[in-house]
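Descriptive structure summary
Okay, here's what each chain looks like letter by letter:
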4 protein chains.
Amino acid sequence: MMGGAMESFMELGNAVLAQQSFSQMMGTKLTRLTLSEAVLELPLREDMKQQHGFAHGGVLSYMADNALTFAGGIAMKGAPVVTSEFKINYVRPAVGTRLIARARPVHVGRRQAVCQCDVFAVDSERETLVAVAQGTISAMGGREE
Amino acid sequence: MMGGAMESFMELGNAVLAQQSFSQMMGTKLTRLTLSEAVLELPLREDMKQQHGFAHGGVLSYMADNALTFAGGIAMKGAPVVTSEFKINYVRPAVGTRLIARARPVHVGRRQAVCQCDVFAVDSERETLVAVAQGTISAMGGREE
Amino acid sequence: MMGGAMESFMELGNAVLAQQSFSQMMGTKLTRLTLSEAVLELPLREDMKQQHGFAHGGVLSYMADNALTFAGGIAMKGAPVVTSEFKINYVRPAVGTRLIARARPVHVGRRQAVCQCDVFAVDSERETLVAVAQGTISAMGGREE
Amino acid sequence: MMGGAMESFMELGNAVLAQQSFSQMMGTKLTRLTLSEAVLELPLREDMKQQHGFAHGGVLSYMADNALTFAGGIAMKGAPVVTSEFKINYVRPAVGTRLIARARPVHVGRRQAVCQCDVFAVDSERETLVAVAQGTISAMGGREE
């Protein structure tokens, strides 16, 4: 059943997120996880800024990396995955109370998925695009060790 | 005097790092800053991992982003800068007690610098390359708002 | 008048394309150019292949680079521009009689535009996504020399 | 014998290049191919320019793509490979009589190699860095179809 599948995606996604100690420390929440979209949210804290007072680029890149991984992982049916590579363009200073990262697969293969992600800063419920990213998510074993 | 210049680079760099609340929270240290190299180090904590027990990709991308910014900023004579964009390839799981990010400018212009960065995980003093990155650092105002 | 503006965009775009000797040699056509989209098409010839018989990755990257430049240039009101950087993911072998590259700005600033591009191979009028790209287009002078 | 291996690398590389109809049409030459470096050269013709009179970015990206592929392919022992993705930063206008692309593997796995490439324009034997690239080369089958 579709509803059941979507619930179990969220359960799976939340279980993975709970295992990421970094995401727990940051306070990241998974708010949506379907075959076509993964959405992560992060309340911005005072200890997440860079020298100009905006959210640190590293916080945005973490959100993009993580959302890409969730989008690719679920598109590859929940197989254990890692992000092989990604690229991010920062387009505006990230100012607000939280970040939202929305990622979607653009091509899904057996061992790899290529995904794109938009990162938004939210201030007084107004969303502003602050970064766009594109990357490759690989089934474990797809990245060589 | 060269030694004097290098000391003042480190002073400038440390002042910028001290203003990054995210870097303070993470525990990042600047260990070298010259016109040709920026080196950042990060002691890895338990709360910096992903679901497979390795350092989270977002931690590596933060280190790369930040080292690229320092390398580009100092190459552009300490002007206020932001990272416009970068790309990162993760090449091995990051396991160890700390990360080292070494970035260098490959081309320096008046308003932009293109830099590359290698990220290493250190375990028992043995360094392993875990990621490589390449990106554009822009003088403030170079990124549109 | 909107229709007039769109006609003059096409005139401007075609004039630029006519000045690109490489695009003339390749046989690239501009089929659409608006503030929100640039579309280039390329009939695939026998002399555009790689060793496995598909269109060469370099042909796809040329199409992406060029479409990104047109999308960014027109978004910045026809100012002289160059592509500062881009990233491309090849997602399927490019097989068919022609390529179509569709690019759109995702953020437009005064001196830079960030754009994304999808490249399709067309076989018997069926379009297949073969590559996705993302990059920065800069107003001339924005890339340092 | 090492000399023998290097000769056979060049033979293998030249055979692949001869099968790329696009490289034949462009006039690309392989001048070096070892486990640690691939070097391609391209005499610049009048029909390879963009609207400002420089070599077209697509020509540079083709050279980077191809050199990355050769570097990755030989590093993976001559297995059939494709470029999965790459990123390129253009750092100076490409002016001169030929281009040289030098690529090297930075990490070699069983199914993928991550490589970097510098592209130079040569004018009166003076080499100028015009672009830097980084990408992933995958053994055939590593890119999904």
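Residues numbered from 1 in each chain as written. Chains lettered and ligands numbered in written order. Predicted model: local features only at pLDDT ≥ 70, side-chain atom pairs only at ≥ 80, totals over all residues. Heavy atoms only, no water.

Considering the interface of chain B and chain A
Chain B puts 42 residues into the contact, and the matching count from chain A is 42 residues. In total, chain B and chain A occlude about 3,300 Å² of area from one another, counting both sides; carbon and sulfur atoms represent 57% of this. At the junction of chain B with chain A, the criterion picks out two salt bridges. Across the pair A:Glu85 and B:Lys87 runs a salt bridge, and its minimum N-O distance is 2.7 Å. On inspection of chain B and its partner chain A, the count reaches 26 residue pairs in polar contact (both at pLDDT 80 or more). (Contact = heavy atoms within 4.5 Å. Buried area = accessible area lost by both parts, 1.4 Å probe. Salt bridge = Lys/Arg side-chain N within 4 Å of Asp/Glu carboxyl O. Polar contact = N/O pair within 3.5 Å; in protein donor to acceptor, adjacent residues only side chain to side chain.)

Section: the relation of the copies chain B and chain A
Each copy superposes on the other: chain B lies on chain A with an RMSD of 0.0 Å after a rotation of 180 degrees and an axial shift of 0.0 Å. Accordingly, the operation relating the two chain copies is best matched by a two-fold axis. It is B:Lys87 whose C-alpha, among those of chain B, lies nearest the rotation axis, at 2.0 Å. (Least-squares fit on C-alpha atoms with pLDDT ≥ 70 in both.)

A few points about the sheet that holds strand S1 (residues 29-34) of chain B
Within a sheet, each strand pairs with its neighbour through backbone hydrogen bonds, oriented either parallel or antiparallel. One open sheet accounts for twelve strands, arranged S1(A)-S2(A)-S4(A)-S5(A)-S6(A)-S3(A)-S3(B)-S6(B)-S5(B)-S4(B)-S2(B)-S1(B); its pairing is antiparallel. Every interior strand has two partners, whereas the edge strands, strand S1 (29-34) of chain A together with S1 of chain B, have only one. Between one strand and the next, the sheet's axes are offset by a mean angle of 20 degrees, whatever the strand orientation. By the bridge criterion, nine bridges tie strand S3 (residues 81-90) of chain B to strand S6 (residues 126-139) of chain B in an arrangement that is antiparallel. By the bridge assignment for S6(B), B:Lys87 is matched with B:Gln134. Sheet contacts for helix H3 (residues 57-75) of chain A: S1, strand S2 (37-43), strand S3 (81-90), strand S4 (98-108), strand S5 (112-123) and strand S6 (126-139) of chain A together with S3 of chain B; angle to S3(A), the most-contacted strand, approximately 135 degrees. Across the sheet, helix H3 (residues 57-75) of chain B lies against S3 of chain A together with S1, strand S2 (37-43), S3, strand S4 (98-108), strand S5 (112-123) and S6 of chain B, angled at about 135 degrees from S3(B), the strand it touches most. (Pairing = 2+ DSSP bridges. Helix = DSSP H or I, 4+ residues; strand = E, 2+ residues; numbered from the N terminus. Axes fitted to C-alpha atoms, helices over the stretch in contact; angles between N-to-C directions.)

Some thoughts on the environment of C:Gln20
The residue C:Gln20 is located in the loop between helix H1 (2-19) and helix H2 (21-26) in this model. When the C-alpha atoms of C:Gln20 and C:Leu44 are compared, they prove to be 18 Å apart, with 24 residues separating the residues in sequence. Excluding residues that lie within four positions of it along the chain, C:Gln20 makes contacts with C:Asn66, C:Phe70, D:Lys49, D:Gln50, D:Gln51 and D:His56.

Quick look at the pattern of salt bridges
Following the criterion strictly, the structure yields 36 salt bridges over all chains and no others. Here A:Arg32 makes a salt bridge to A:Glu37, at a shortest N to O gap of 3.0 Å. A:Arg32 sits in the partly exposed class, given a relative accessible area of 37%. Taking the relative accessible area as the measure of exposure, A:Glu37 reaches 21% and is therefore partly exposed. Among the ionic contacts, a cluster of salt bridges with common partners joins A:Glu85, B:Lys87, C:Lys87 and D:Glu85. (Buried < 20%, exposed > 50% of the residue type's maximum accessible area, 1.4 Å probe, protein only.)

Some details on the confidence of the model for chain A
For chain A, the mean per-residue pLDDT works out to 93, and 92% of the residues sit at or above 70. Taken over the whole predicted complex, pTM reads 0.95, whereas the ipTM for its chain interfaces reads 0.93. (pLDDT = per-residue confidence, 0-100.)

Focus on the packing of aromatic side chains
The full count for this structure, using the stated rule, is ten aromatic pairs over all chains. A ring pair is formed by A:Phe22 and A:Tyr62, whose centres lie 5.0 Å apart and whose planes are at 85 degrees; its orientation type is edge-to-face. Of this pair, A:Phe22 sits in helix H2 (residues 21-26) while A:Tyr62 sits in helix H3, and the two are 40 residues apart along the sequence. Across the pair, A:Tyr62 and A:Phe22 agree in class, each one buried. Linked through ring pairs, A:Phe86, A:Tyr90, B:Phe86 and B:Tyr90 together constitute an aromatic cluster. (Phe/Tyr/Trp six-rings, centres within 6.5 Å; stacked < 30°, edge-to-face > 60°.)

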